[in-house]
Amino acid sequence: MAKKKYVYFFGGGKADGHGGMRDLLGGKGAGLAEMTNSGVPVPPGFTITTEVCNIFSSTGKAPVEVEKQTEENLRKIEKMMNAKFGDPDNPLLVSVRSGSKFSMPGMMDTVLNLGLNNVTVEGLARKTGNRRFARDAYRRFIQMFGKVVMGVPAELFEEAIAEKKKKSGVKLDTELSETALHELTSEFAQIVKKHTGHTFPADPRKQLKMARDAVFKSWNNPRAKTYRKIYDIPETLGTAVNVQTMVFGNLGNTSGTGVGFTRNPATGEKQLYGEYLINAQGEDVVAGIRTPKPLMELKKDMPVVYSQLSKITTMLERHFRDVQDFEFTIQEGRLFMLQTRAGKRTGPAAVKIAVDMVREKLISREESLMRVDPASLDQLLHPIFDLSECGEFCAVTKGLPASPGAASGQVMFTAEDAIKAVQQGEKVVLVRMETSPDDIHGMHVSEGILTSTGGMTSHAAVVGRQMGTPCVVGAGAVKVNERKRMFEVAGNTVKEGDYISIDGTSGDVIIGKMPTMPSEIIQVIAGGMKPDKSRAYQDFSLLLKWADSVRRLGIRANADVPTDAATAIAFGAEGIGLCRTEHMFFAEDRIPIVQDMILAETKEQRKKALDKLLPMQRKDFIGIFKEMKGCPVTIRLLDPPLHEFLPKREELMVEIAKLECRNPKSAKLKKLRKLLARVQELHEFNPMLGLRGCRLGLTIPEITEMQVRAIIEAACKIKKQNKKVLPEIMIPLTGHVNEMRRARQHVIAVANHVMEEQGVRVPYMVGTMIEVPRAASTADEIAQEAQFFSFGTNDLTQMTFGYSRDDAGKFIRYYLEKGILEKDPFQTLDQIGVGRIIEQAVKLGRSVRKDLKIGICGEHGGDPASIEFCHRADFNYVSCSPYRVPIARLAAAQAALKKKHGELDK
């Protein structure tokens, strides 16, 4: 039997693997293999598979065969490079890098210059003829290995470097002398021994094994786990380990290192984009320690290398048919490619790139639809600063515009403080000298990110773009003092808690809270800008037009007022899936009338109050029907318990007590006492399971009568204007077929009576919201009375789990952290539990009524994963908030394409 292959070689124009092996080799390893096979200059190396990581994670060690295969592949590299690992005269040095299937920038660990010790460093010095370089490489190795592999706090090394620069009278690391670097190496070794109790390992093979295991362990470090939760990356994927021959960008002014993209990842513009540093090693560019040069300047510094880089990266983009994020090193004028992978991009860039690549005939329309994350479309709707309202505001400095959008918030200097502030309801801008992967949790909750160092490919920039968070980096004039919780800029001191504003599109940094205005797309939607004046809108609308041509699911919106209905239509909604009539009752001029209705002691008094509400409701529905232009409008009859329209009992008691002291005979006091008595009468121990929904309409039928009359009268008025109208009347919270039957009969009786009065007939439907588990399990009975089902997954989730959606926040986060729940079921539909109930209800309902219309109107209606479920469950439509309609349109298209190609999960 053939032995299990755990290690895959690449080098010399031939690789064991290829670009389609991302599951096994990780994204980086697959990219290295594909580049090698394509003739790209790649330093030779090998990839230890993700399978080994998973074995290591479960057993704490790698299979014995991995050690043998590692040794075999080391010998291949030695032969190819004519150097030996650990050889004192001609040492081979390697890098050890992580690489999971999906890019997780900075979340896991990397070690460079591995293979150095007190002996091989001398061999490196003789081999290169550059003793200072050798000493610097050794210093870097001990620092990185000590931090990553042996757990030494990074600040211990940084403090030692700072002290050495101070004594040497220099500002930059690159200005330290060979002697100073030699001294630092010894000091670093002492720091490692003092902190860990162990001598720094001298054996290169032991170094390699320890580094490999550290990378595997980093798959489960806190920042990597946080990142995976944010981006929904499965825990079971694991990371590969890439061991690759070192090439050196810090061998002088003919050497350098850089990172780049084949297109601008912030805007999508087709241009070679990135940064580089002369005489630097790879981590220097992304670490934010030195501010690098724009990649275009390499054309002047090294024209031959730039030309070669341009040709290679253009070829890679055409080969992979996607934007490439690449890393490279120049060693004494010779170019080496160290990585290529699909580049992360902002929402605006993703849309532009997808549309442009179709125009360039690089990809098909279907492929373009799969290239854009539906949730990222939200970024195109982000606000921008309203310059017309700025007044005295002006930018105090400018940084690099790393991730678009405007953000204002209180300054916080640590991730932990950012989280605390957000939990207290504040909006935050995280300010750092440079962010690190350990800041991921604070970056995730912040409105914006500002760093004083770093470039367009620094950690803050890459993660900010991926999150869709406005980000400005490399604002060198911002002098951050994280210890004192303040920064200085242009003569101003900004302390923790002060407001600043940043513009991730222009790079502007402003002191104070800036007013904002809608994005270009929102301006077009609202009619403030002509469509032909906005290229962003044209690309956005074209992509969604393509989406509409392939999706099967209908897209509706949850809208309660005409303005929301108009917004929904502008975003492409095909109807309203949920119009909550109680929201109309909360208007300032209506609450007193509603309260009169609740306080009524007789049916006549109640009807008198409802007669006042009738024209108001009718006007609401006329406005909505006009905006929807014949599209279906699902209107939910009054759902919440009546106490929600009344003052709180405790507040009334306090007010009464005060009045009794001041004016015990006042008419107001008498009225308040009456109100309190009614509030106490309506008080329920669990109002969300009490007198609400269809129970309210059945026990107080006058409310249903008024609402149905308002709906049908409004529809008749529209019909008389020779316009289409299609109301769908939804009975809320039914749990028993008898509830549905009686409610439906009441609706039909009122509707027929109104249409007789009006002398016109309008088409309408009567259905129900399925949000009670009993309704779902008896859906065949209820479907006999209902023409449509709309799944109210907010309540259905809460009743199925037994979690109060208002109180679950107290424990959901703990459940997610501990792995009790994989996802928050109130954000993404629980497909195993709640989903199974829904699928059963669909099957039961359609067994009785084949043309039963089925939709969803809970919060899940705008969640891409839940939309995929709805497609699979054969829903007719999903309904979401107006601003999530574009997300739903694209997600529905992707679900259809996955189904077409057999990729939709069963």
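**Let's talk about unusual backbone geometry**
Comment: phi is negative for the bulk of residues other than glycine, and the bulk of peptide bonds are trans. The backbone of Ala490 shows a phi angle near 50 degrees, a positive value even though the residue is not glycine. Looking at the element boundaries, Ala490 is found in the loop between strand 22 (486-489) and strand 23 (492-495). Using a relative accessible area of 57% as the deciding quantity, one classes Ala490 as exposed. The phi torsion at Asn722 lies on the positive side, around 60 degrees, for a residue other than glycine. Among the secondary structure elements, Asn722 is positioned in the loop between helix 27 (701-720) and strand 30 (726-731). By relative accessible area, which is 75% here, Asn722 ends up exposed.

**Considering the pairing of strand 25 (residues 508-511)**
As paired elements, strand 15 (residues 395-398) and strand 25 share 3 bridges and run antiparallel to each other. Among the inter-strand pairings, Thr397 is bridged to a residue of strand 25, identified as Val509. Pairing of strand 24 (residues 499-503) with strand 25, which is carried by 3 bridges, proceeds in the antiparallel orientation. Bridging from a neighbouring strand, Ile500 pairs with Ile511 of strand 25. Between the end of strand 24 and the start of strand 25, which pair antiparallel, lie 4 residues, with Gly507 showing a positive phi angle near 90 degrees.

**Focus on the state of the cysteines**
One pass over the full model with this rule turns up 0 disulfides. The thiol sulfur of Cys631 is not disulfide-bonded, and the nearest other cysteine sulfur, from Cys579, lies at 14 Å.

**Focus on the pattern of salt bridges**
If you walk through the whole model with that rule in mind, you get 57 salt bridges. Notably, a salt bridge pairs Arg263 with Glu360, separated by 2.6 Å at the nearest N-O pair. With Arg263 in the loop between strand 9 (256-261) and strand 10 (273-278) and Glu360 in the loop between helix 13 (347-359) and helix 14 (365-370), this residue pair connects regions lying 97 residues apart in the sequence. By relative accessible area, Glu360 is classed as partly exposed at 28%. In this structure, Arg590 engages Asp620 in a salt bridge whose closest nitrogen and oxygen atoms are separated by 2.5 Å. With a gap of 30 residues between them, Arg590 in the loop between helix 21 (582-585) and helix 22 (591-599) and Asp620 in helix 23 (residues 603-628) connect regions that are remote in the sequence. The pair Arg590 / Asp620 is uniform in exposure class, with both members buried.

**Structural notes on the sheet that holds strand 34 (residues 877-880)**
Spatially, 27-28-29-30-31-32-33-34 is the arrangement adopted by the 8 strands of the closed barrel, whose pairing is parallel. The average undirected angle you get between the axes of adjacent strands in this sheet is 25 degrees. For strand 29 (residues 632-636) and strand 30, the ladder comprises 5 bridges, and the chain directions are parallel. By the bridge assignment for strand 30, Val633 is matched with Pro727. Along the sheet, helix 27 makes contact with strand 29 and strand 30, crossing strand 30 at roughly 170 degrees.

**Overview of the nonpolar core**
Ranked by size, the top nonpolar core spans 131 residues in total, and within it Phe625, Ile712, Phe789, Phe791 and Phe875 carry the most contacts. When residues of this core are assigned to their parent elements, the largest contribution, 10 residues, is made by helix 27. Once you skip the residues sitting within four places of it in the chain, Ile712 turns out to touch Ile729, Ala751, Val754, Met755 and Tyr764.

What counts as what
Residues numbered from 1 in each chain as written. Predicted model: local features only at pLDDT ≥ 70, side-chain atom pairs only at ≥ 80, totals over all residues. Heavy atoms only, no water. Helix = DSSP H or I, 4+ residues; strand = E, 2+ residues; numbered from the N terminus. Buried < 20%, exposed > 50% of the residue type's maximum accessible area, 1.4 Å probe, protein only. Pairing = 2+ DSSP bridges. Disulfide = S-S within 2.5 Å. Salt bridge = Lys/Arg side-chain N within 4 Å of Asp/Glu carboxyl O. Axes fitted to C-alpha atoms, helices over the stretch in contact; angles between N-to-C directions. Contact = heavy atoms within 4.5 Å. Core = buried A, V, L, I, M, F, W, Y, C linked by side-chain atoms within 4.5 Å.

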